[in-house]
Amino acid sequence: MNKANSTFYILLFSISFIAKGQVKLEGVVKDSIGTPLELANVIAINQESQKLDSYGITNNEGYYKLSLEKNTNYKIQVSYIGMKTAQEDVQTTEIDLVKNFILQNDNTLDEIELIYEMPVTVKGDTIVYNADSFTSGTERKLGDVLNKLPGVEVNDEGQIEVEGKAVGKVMVEGKDFFDGDSKLATQNIPANAVDKVEVLKNYAEIGQLSGVTNNQDNIAINIKLKEGKKNFWFGNITAGAGGADDKTLYLAQPKMFYYSPEYSLNFIGDMNNIGEIAFTRRDYFNFMGGFRSPSRSSGTNINLGSNNLGFLSLQNNRAKDINTKFGAANFSYSPKKTLDLSGFAIFLSSRTDLQENSSVVYTNPDLNIPDETTESNTTQRSDLAMAKFSAKYKPNTNNQLDYDVLARTSKESQDQLFYSSVNGNINELENAKPFSINQNVNYYYTLDDANIFALEVQHLWQDEDPFYNAFLEDKDSYINTAQVLGFDNTQIGYDVAQEKRVKSNQLDAKLDYWNILNTKSDINFTLGTIYSKQDYNSDIFQYLDNGSKYDNVPTQNNGLDINDIAYRFSDVYLGVHYRLKLGIFTFTPGFSAHAYSAKNSQFNETYTDNFFRLLPDFNTRIQLKKSEQLIFNYRMQTQFTDVNQFARGLVLNSYRSIFSGNPELESALSHNVNLSYFSFNMFNYTNVNASINYSKAVDRIRTTSQFLTNSVVRVSTPFNSGLADESAGANARIQKTWGKFRGTLNGNFNYSKFNQIINGQTSVNENYSHSYRAELRTNFREAPNFELGYRYSIQDNDQGDRRTKFFTKAPSVEFDALIFKTFTFKTNYSYNSFSDEDRKINSFEFWDASLAYRKNADSKWEYEIKATNLLDTQSQNTSRSGNISVSATEYFIQPRFITFRLRYEL
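Here, residues in each chain are numbered from 1, in the same order as that chain's written sequence. Reporting of local features is limited, given that this is a predicted model, to residues whose pLDDT is at least 70; pairs of side-chain atoms are given and counted only at 80 or more, and all residues count toward the totals for whole chains, interfaces and linings. Hydrogen atoms and water are omitted, and side-chain values are computed over all heavy atoms in the structure.

**So, the overall build of the protein chain**
Stated formally: Working definition: helices are DSSP H or I runs of at least four residues, strands are E runs of at least two. Numbering for both runs from the N terminus. What the globule rule says is 2.2 Å times the number of residues to the power 0.38, and the radius of gyration is computed from C-alpha atoms. For every residue, the accessible area obtained with a 1.4 Å probe (protein chains only) is divided by the maximum for its type, and the residue is called buried under 20%, exposed over 50%, and partly exposed between those limits. Residue burial considers only the protein chains on display, and all accessible areas are found by Shrake-Rupley using a 1.4 Å probe.
Regarding its fold elements, the protein chain presents 5 helices and 53 strands. The C-alpha radius of gyration of the protein chain comes to 30 Å, within 12% of the 29 Å expected for a compact globule of 906 residues. Taking the principal axes of its C-alpha atoms as reference, the protein chain extends roughly 95 × 70 × 55 Å. Looking at the protein chain as a whole, 50% of its 906 residues qualify as buried. About 41,300 Å² of surface is accessible on the protein chain, with carbon and sulfur atoms providing 52% of the total.

Printed below as a string of C-alpha cells:
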C-alpha cells in the first residue's frame, strides 16, 4: 500500500505541474440580442500542430472556460445549432485571457468551414461524441472507446452506464445489436470502426408512447460507423497459439460485420482454452433477448423459480482449466419501409475444471454442528443455445404490430469429486436438458391526439428436468441421514439419486388506454392478467449394488419423498394512474386493484389462497435543470412463490441439503421506497448520482432448518415469517473531468435484517456492508495513459451470538501506451488483501501484459504477444460469512500463459 500511496502523490504532483504550464481562456457566448447561449461549443485548435488542444461547452449563463498552453497561437471556433460559426485567432501569453463571442442567425449557406470536429455536441436529448477526439490508438474494441468518453463508463460486468444509469439498448447505424445487449457490443465491435457515439436520453422504444410514459431513465446508445465501414464487410480475425507446462494453447476469434440501409449481418466467434470467456453461463441465463413482462409495474411479483443445476461459479473468469467455444450471429432486414425483420442465434459450449479447498466454522456452539474442511475437483460440461426472431410492422404512424419468439435449449452436467472431513469421499453428478419458448405480441394504436391504446401479450413455455446423484463411500458418517431417508444399509455405500421434472406455462397480458386531458396531464387505465400453470414431479431413490432402483420410504415427513403437484396461479387486475406536470414537478399517483387466486393440489388435497388487494404507488420527478433531477418512488408489492416451495414430499437439493415444502404458504407484502438524484454538468463535466432505498416485507417466506445430530446435513422447511424483514441501501458516485484527467469516487452501503430458525432456535441476523472505490485515469491523445484504482470494503455480520467483521483492500493499476506509433503496450496489475479485525487472512495478486506491433494505423496486420498471470499465482483466496457460519476457500486458477497472436483487419 505504501507503493500505491507514493504513486498517487506522484500523480497529484504531475497534475499540478501540468496545470502550472497552462493559462485560462474564458468568456461568454451570446446571440445577437444579448441572450446567453447554453450548450454552445467552443474549441481551440493549435495553429502549429493543427490539432485540437482544448474544448468546452457553455453553461446556462453562456459562460465557457478553456485551458490552453502558454505562448501559443490558437484558432478559437464557437458553434451553436442554427447560428453561424464564429472563429478568431488568439495568442496566449503568461496571463489568463477573456474573450466574448456574439453569434448571428444562420440564414445563408456561406458558413465558416470547420477545420476540426467538435468532440462533444448536444442536440436536445442527444449527446454526440466524436470518437477520434478521445482515442489515442491503443483502443481495440468499443468498450475501450466508451471508457474514454465523459459521463460514459463500462462497468466490471461489461455493461454500459451513462451518467450513472444503465444503458438499455445498443444500436449500430440505428439497428439493434443482438437486441441491444451492451456486453456483446463493448467486447466485440472494433474500435477503429466507430465514428460517432450517440447517447439517446429519454429514449422511447415505442414512439407512439413517448408522450405518455416516463422515459427519463431510458438511455440508448447508437454507434455511427466511419464511411469506409458502411456497405462493406469490416471486423477482424484473430488467431493465436502458445504453451504452458504440458498444455498447448490455442485461440481463434473471427468477428465480422456488415451494415447497409436495407440490412445488417453480424458474426462473432471465439474458441480458446486460455480462459478468455466471450459469453458466460451467467450471461446466457441473464440474456432476456429484449423480453420484458407486461406486468412488470403491476405490483405483482411472481416468477417460475429456477431449477438450474447448482453449478460452481467461476471466479472472475478464472478456473483451473477453461475451454470454450462461442458463436453468435445477428441479422436485420427491412424489405420495405413498413416492415422490419431481425433475429439472432447464440451458441456456447464450455468444458471447465475447478478445484477448491474450503474450511467452514459454525459460529454458534449450541447448535452442535461439527466444523468441516473440504476438497473438491469438479468437471463441468455445458452446451447452451438460443435463437430469436422478431418482426415489426408499422403501416403508418398510428399503428404498430410487434412479434417476437425466443427459444432456448441446453445440455449441462457437473461431476464433482468431493472430500469432506465429516462425510468422507463423495462423488456427485448432476445433469439437465431444459428448454423454453417465449413469445411476445404487442399492438399499439393511436386513435387521435387524445386517445392511445396498447396491447401486450407474452407467453412462456418451459420444461426443466434436473437429475442428481451422489455416492457416499463412508456409510458410518451418513448413517443418521440414511435412516431418515429410509435407505438400505446393506450396500457397499449409499448411492443416492433424485429425478425431478418441472413444466411451466405462463401467460402475461395487459391492455393500456391513455387519455391525454391537456398538455399538462393524462390518465392511464390498465386491465391485465397473469395466469401461471406449473406441474412438479420428483422422486428420491437409491441405486443398489446390483444396479437396480430401491424405492425407499423415509422414516420422517409421513414417509413422503415423492411429489406430484399441480400449481395454478391467476391475477386479474385493474390499474389507474394520473400524471400531472406542474412546473419542474411531475406527479404520477396511482393504484392497482388485484383479484388473486393461488391453488396447489397434491396427495389428493387442494390448498387455496384467494383474496383481493389494493396496491398503491406514487412517483414524483423534480426536474431541477435540464440534466439534473430528483426522483421519488413508492410501491407496494405482493410477492408470490413458485411451485418448488409447496412440495410436501422430501426434495434432495444435495446429499447434505434436504428440503420439505409447505403447501399452505401465503404471499408476502412489501413496501418499497426509493429516492434518487442525477446530475450531469456538461460545462465542467461533473457527473453526480446518488440513491437511497428502503424495503420492508411482511410475511416473507423464510426457512427453518434442522441439522441432524453431529452432522452437516440439514432438513429445511419454508414458512411465512410473521416478523418484518427490512433492508436499506445507499450509494453515491461523483465523477469529474479536468482536462485530460478524470476522477471517480464511489460509495455503497447496504443493510439487511431477517429472521431465521436453526435447530429450533430463533435468531435475528443483521448484515452491514460498505464498499468504497476511488479511480483516477488519464486520456492523453499521444502520451501514455494510466488508470489507478483503489477499492476498500467492509463486511459486518451480526449473527446474534457472534459478530464478525472482514476487510478487503484492493489497489489496481492499468497502463497503455502507443510507442513510435507502431507498438501498443498494455499492462494491468491488481492486489487483493483480506483480513479481519485481528490479522491478515490471505492475499493474492495478478499481473497481465501485452505488446502489439502494427506498421501504421491503416495496416491490415497486427502481431501481439500477450501474457496472463505473469506472477504465476496458483490460487486465490476468498472468505465468506453466512447466516450461521464463516468459511474460507482456496480457489485454484490457470497458471501463467504466454500466447502469440496474429490479427487481420477486414
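**Concerning unusual backbone geometry**
In the Ramachandran plot, Glu173 falls in the positive-phi region, its phi being about 50° despite a non-glycine side chain. You can call Glu173 partly exposed: its relative accessible area is 22%.

**What about the environment of Asn689?**
Put simply, the test is: The contact criterion used is simple: two residues touch if any of their non-hydrogen atoms lie within 4.5 Å.
Its location among the elements puts Asn689 in strand β40 (residues 686-698). Separated by 525 residues in sequence, Asn689 and Gly164 have C-alpha atoms that sit 6.2 Å apart. Once you skip the residues sitting within four places of it in the chain, Asn689 turns out to touch Glu163, Gly164, Tyr677, Phe678, Asn731, Ala732 and Arg733.

**Describing the sheet that holds strand β12 (residues 160-162)**
Here is the rule we go by: The pairing criterion for strands is at least two bridges between them, as found by DSSP.
One open sheet accounts for 3 strands, arranged β11-β12-β13; its pairing is antiparallel. For this open sheet the edge positions go to β11 (152-154) and β13 (165-166), each flanked by a neighbour on one side alone. Bridge count between β11 and β12: 3 bridges; the pairing is antiparallel. Considered in β12, the bridge of Val152 is made with Val162.

**With respect to the confidence of the model for the protein chain**
Any region with low pLDDT has predicted coordinates that should not be read closely. To be explicit about the condition: Residue-level confidence of the predictor is what pLDDT reports, using numbers from 0 through 100.
Residue-level pLDDT values for the protein chain average 88, and 95% of them are 70 or greater. Averaged over each element, pLDDT in the protein chain is lowest for helix α1 (residues 2-20) (47) and highest for strand β33 (residues 562-582) (96). A low-confidence stretch, residues 15-19 stays under pLDDT 50, and its non-local contacts, those more than four residues away or across chains, total 4 contacts.

**Focus: the pairing of strand β16 (residues 194-201)**
In terms of residue burial, β16 counts as a mostly covered element, since 7 of its 8 residues are buried. Looking at chain direction, β16 and strand β17 (residues 219-225) are connected through 7 bridges and run antiparallel. Residue Val199 lies in a different strand from β17, and its bridge partner there is Ile221.

**A closer look at the pattern of salt bridges**
Counted only if it meets this: For this analysis, a salt bridge means a side-chain nitrogen from Lys or Arg found within 4 Å of a carboxyl oxygen belonging to Asp or Glu.
Here the structure, examined in full by the defined rule, presents 36 salt bridges. The closest approach of N and O atoms between Glu88 and Lys99, which form a salt bridge, is 2.8 Å. Here Glu88 is found in strand β6 (residues 86-91), whereas its partner Lys99 is found in the loop between β7 (97-98) and β8 (101-103), with 11 residues between them in sequence. Residue class for Glu88 comes out partly exposed when judged on its relative accessible area of 31%. Look at Lys99 and you get partly exposed, because its relative accessible area is 25%.

**A word on the side chain of Asn273**
Condition: Under the rule applied, a polar contact is a pair of N or O atoms within 3.5 Å (in protein, one hydrogen donor and one hydrogen acceptor; residues adjacent in sequence only if both atoms are side-chain atoms).
Among the structural elements, Asn273 can be located in the loop between β20 (263-272) and α4 (281-286). Separated by 2.9 Å, the side chain of Asn273 and the backbone oxygen of Thr248 make a polar contact. Polar side-chain contacts of Asn273 include one of 3.0 Å to the backbone nitrogen of Tyr250.

**Brief notes about the nonpolar core**
For soluble globular proteins, the rule of thumb is that nonpolar side chains tend to be buried together. Rules: Here the nonpolar core consists of buried residues drawn from Ala, Val, Leu, Ile, Met, Phe, Trp, Tyr and Cys, with membership extended through side-chain atoms lying within 4.5 Å.
The biggest cluster of nonpolar side chains holds 58 residues, and the ones touching the most others in it are Val120, Tyr129, Phe177, Phe178, Phe326, Ile346 and Met682. Among the elements that line this core, the one with the most residues is β17, at 4 residues. In this view, Tyr129 contacts Pro119, Val120, Phe134, Leu149, Pro150, Val152, Asp195, Lys196, Val197, Val199 and Phe680; residues no more than four positions away in its chain are not counted. Core analysis: the second largest hydrophobic core is formed by 20 residues, Leu472, Tyr655, Leu708 and Val715 among them.

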